[in-house]
Amino acid sequence: MRFNFKRLVLQVPKFVLSISAKAQKFPFRYTRLPTTGKLPAYSQTNPDCVDMACGFCSMDVQFQNVLILSFSFMLVFTSFQTMGNIEQTVLRSINIDEPSFTGNGYISLSIIYGVFSISNWIAPSIVAVLKEKKSILAGAVLYTAFIASFLYPKTWLLYLMSAVLGVGAAVIWTAQGSYLAICSNETTMSRNSGVFWAILQSSMFFGNTFVFFAFDTKDESAKIEESTRILVFSVLTGVAVLGVICMLFLRTPGRVDRTVPMLDIQLPDTGAVAAFKKSLKLFTKKEMVLLSFTFFYTGIELSFFSGVYSTSVGSTEALGTIAKRLVGLSGILVGAGEVSGGALFGLLGARTVKNGRDPIVLLGFLCHTVAFYMIFINLPDASPLGSTSGLSYMHPPSAVIAMICSFLLGFGDACYNTQIYSILGGLFPDDSAPVFALFKFTQSAAAAASFYYSSLLTLRIQLGILQIFCFIGSFTFFLVEWASVQKKMAATSCVEEDPDDEYRIDKS
């Protein structure tokens, strides 16, 4: 059963343009709470919660920007992250209905992240020309087009749109990192990155909850019916369009009220060539070289929990008739872990800056190590490569343990990513666009490589690779964080030195 979406697709640009015209005239009003020199007693014991609460209550324009950005991304990535989670499972079903269709979900995702990686070198130049808001919009439109292409499954179209999306992904994430840094100061960067991450990853709830019920089947080896696939693709496309519309309400950071002290950001007005040269120069800095190992690890673990793990769960026939539905439930619990981590570290943003980011990264390391071990003993070795009746060390495999691992993978990923955003915004406030582009370059290159070898290597080999880079990436992050703390302590000591006293004040 097929539906004709041609008329709907043709009406979308007209509809978006009409909304855009209305958005430009939308009467935004802002109010500020009066500030006094003395804060209530509870604010001294809970400064992080008060900081966030004041942001909500006063609706500071910069925090409003962060909220609009977060909810817009949540809608767009409700579609994309759900699609990435189910892509390989769904494409196998399409191949059963249409033998001429030979598209592979792992290869599609590998193309996306491969082009994403390469495009990150030119993304700062594109953002320098288009500016942050237009760059975010352009990237979101390409994400929507990729989701819509699944309504007409053709092998050539799948791979073409994968490559196109790779370019859009580089642009939207570079612009997002720069926009978030511009809307933050040194105190609020950790909070804002935590809020953004929590809202963004809540997208894992909605799309995967829908998939959990839509993929209800009584036969563990059954394919996903065409009518079900079209329903899922149509809903996901509609949600992505809604996210694009929300992005039209973003304000240009350079034109808003600057009464709140921002990070000293230099907008990339120097041109495309200068932005590219700056990216090359930053990539050779010691801090970026060390952090690149952390970036690389986040890339391979991203590909694992977003595509490989859910496919492995769905391919394990020993889990019974619920195996296909567990694909959606796995995504929900990954999202629960992501949101829990993002919300927690958003509330503790100021404490993170004060006490260091390394304890949170250590927590992420422990969560992932435990998850990898439980996956190792629970799922069959051949599960990433296709449906299998094989068993691992647990007979039979446990659906409960599989879902616990999903939560741990999501929570650990939040530990790493929120602290990466925080440390990059703190170390490189003047170079936000190129530095976030380099982060995404390394991360997406790792994800592309991981998706490629995921179609060739068995589960245990993949887990071994993950554990090795988990250790290396965590250790190099610690080195950069410790060096950053020492530098801040040295600077503080110099500032506190009394010029009339030969002794230096040390409060460390």
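What counts as what
Residues numbered from 1 in each chain as written. Predicted model: local features only at pLDDT ≥ 70, side-chain atom pairs only at ≥ 80, totals over all residues. Heavy atoms only, no water. UniProt positions renumbered as here; feature names shortened; annotations may be inferred. Axes fitted to C-alpha atoms, helices over the stretch in contact; angles between N-to-C directions. Helix = DSSP H or I, 4+ residues; strand = E, 2+ residues; numbered from the N terminus. Parallel < 35°, antiparallel > 145°, perpendicular 65-115°, else oblique. Left-handed = near helix turned anticlockwise from the far one by under 90°. Contact = heavy atoms within 4.5 Å. Patch = residues over 30% accessible without salt bridge, like charges linked within 9 Å, V, L, I, M, F, W, Y side chains within 5 Å. Areas by Shrake-Rupley, 256 points an atom, 1.4 Å probe, with all protein chains shown as cover. Salt bridge = Lys/Arg side-chain N within 4 Å of Asp/Glu carboxyl O. Buried < 20%, exposed > 50% of the residue type's maximum accessible area, 1.4 Å probe, protein only. Phe/Tyr/Trp six-rings, centres within 6.5 Å; stacked < 30°, edge-to-face > 60°. Lys NZ or Arg CZ within 6 Å of the ring centre and 35° of its normal. pLDDT = per-residue confidence, 0-100.

- The name an unreviewed UniProt entry assigns to the protein is UNC93-like protein MFSD11, from the organism Orchesella dallaii.
- What UniProt records for the protein under Subcellular location (unreviewed entry) is the sentence "Membrane".
- Turning to the protein, the UniProt record has this under Sequence similarities (unreviewed entry): "Belongs to the unc-93 family."

## Some points on the packing of helix H4 (residues 61–97) against helix H6 (residues 123–148)
Stage number 1. Where H4 contacts H6, the axes come no closer than 11 Å and their chain directions differ by 30°. When the axes of H4 and H6 are compared, the pair comes out roughly parallel. Between H4 and H6 lies a crossing whose hand is left-handed. Of the residues in H6, those touching H4 at Leu-69, Phe-73, Val-76, Phe-77, Ser-79, Phe-80, Met-83 and Glu-87 are Ile-136, Ala-140, Tyr-143, Phe-146 and Ile-147.

## Describing a nonpolar patch on the surface
Stage number 1. Residues Phe-471, Phe-475, Leu-479 and Trp-482 make up a contiguous nonpolar surface patch of about 410 Å² in total accessible area.
Stage number 2. Of note, Phe-471 is situated in helix H18 (residues 459–496).
Stage number 3. Overall, the relative accessible area of 52% leaves Phe-471 in the exposed class.

## Looking at the environment of Phe-205
Stage number 1. Here Phe-205 is to be found in helix H9 (residues 203–214).
Stage number 2. Classification of Phe-205 by relative accessible area gives partly exposed; the value is 26%.
Stage number 3. Residues Phe-205 and Gly-328 lie 123 residues apart in sequence; the distance between their C-alpha atoms is 9.1 Å.
Stage number 4. Excluding its chain neighbours within four sequence positions, the residues that come into contact with Phe-205 are Ile-332, Gly-335, Ala-336 and Val-339.

## Here we look at the packing of aromatic side chains
Stage number 1. On inspection of all chains with the given rule, the structure shows 23 aromatic pairs.
Stage number 2. Their ring planes at 50° and their centres at 5.4 Å tell us that Phe-150 and Phe-233 sit as a pair that is tilted. Of the two residues, Phe-150 is situated in the loop between H6 and helix H7 (155–182) and Phe-233 in helix H10 (residues 226–247); the sequence distance between them amounts to 83 residues. Accessibility classification places Phe-150 together with Phe-233 in one group, the buried group.
Stage number 3. Consider the rings of Tyr-421 and Phe-439, whose centres lie 6.0 Å apart with planes at 85°: the pair is edge-to-face. Here Tyr-421 is found in helix H16 (residues 399–427), whereas its partner Phe-439 is found in helix H17 (residues 432–454), with 18 residues between them in sequence.
Stage number 4. Its relative accessible area of 2% is what places Tyr-421 among the buried residues.
Stage number 5. The exposure class assigned to Phe-439 is buried, which follows from its relative accessible area of 0%.
Stage number 6. Feature note: the residues Phe-73, Phe-77, Phe-80, Tyr-143, Phe-146, Phe-150, Trp-173, Phe-196 and Phe-233 constitute an aromatic cluster, connected by ring pairs.
Stage number 7. Taking the ring centre of Trp-173 as reference, the NZ or CZ of Lys-440 above it sits at 4.3 Å.

## Quick notes on the confidence of the model for the protein
Stage number 1. For the protein, the average pLDDT comes to 78, and 76% of its residues sit at 70 or higher.
Stage number 2. Residue range residues 1–6 is modelled with pLDDT below 50. Its contacts to residues more than four positions away, or to other chains, number 13 contacts.
Stage number 3. Here residues 502–508 is a poorly scored stretch, pLDDT under 50, and it has six contacts once near neighbours within four places are set aside; other chains count.

## Thoughts on unusual backbone geometry
Glycine aside, negative phi is the norm for most residues, and most peptide bonds take the trans geometry.
Stage number 1. A cis amide bond links His-395 with the next residue in sequence, Pro-396, at an omega value of -10°.
Stage number 2. Within the secondary structure, Pro-396 sits in the loop between helix H15 (358–378) and H16.
Stage number 3. Although it is not a glycine, Lys-131 sits at a positive phi angle of roughly 75°.
Stage number 4. Inspection of the secondary structure assignment puts Lys-131 in helix H6.

## Observations regarding the packing of H4 against helix H8 (residues 189–201)
Two quantities define a packed helix pair, namely the angle between the helix axes and the distance between the axes.
Stage number 1. In the contact formed by H4 and H8, the axes pass within 7 Å of each other and the chain directions differ by 30°. Considered as vectors, H4 and H8 are oriented roughly parallel to each other. Crossing angle aside, the handedness with which H4 passes H8 is right-handed. Between H4, through Phe-63, Val-66, Leu-67, Leu-69, Ser-70, Phe-71, Phe-73, Met-74, Phe-77 and Gln-81, and H8, the contact on the second element is made entirely by Arg-191, Asn-192, Val-195, Phe-196, Ile-199, Leu-200 and Gln-201.

## A look at the pattern of salt bridges
Stage number 1. Scanning all chains against the criterion turns up two salt bridges.
Stage number 2. Of the charged contacts, one joins Asp-97 and Arg-229 as a salt bridge, the two residues approaching to 3.1 Å between their closest N and O atoms. In this pair, Asp-97 is assigned in helix H4 and Arg-229 in helix H10, connecting sequence segments 132 residues apart.
Stage number 3. Owing to a relative accessible area of 4%, Arg-229 belongs among the buried residues under this scheme.
Stage number 4. Of the charged contacts in the structure, one is a salt bridge between Arg-357 and Glu-481, with a shortest N-O distance of 2.8 Å.

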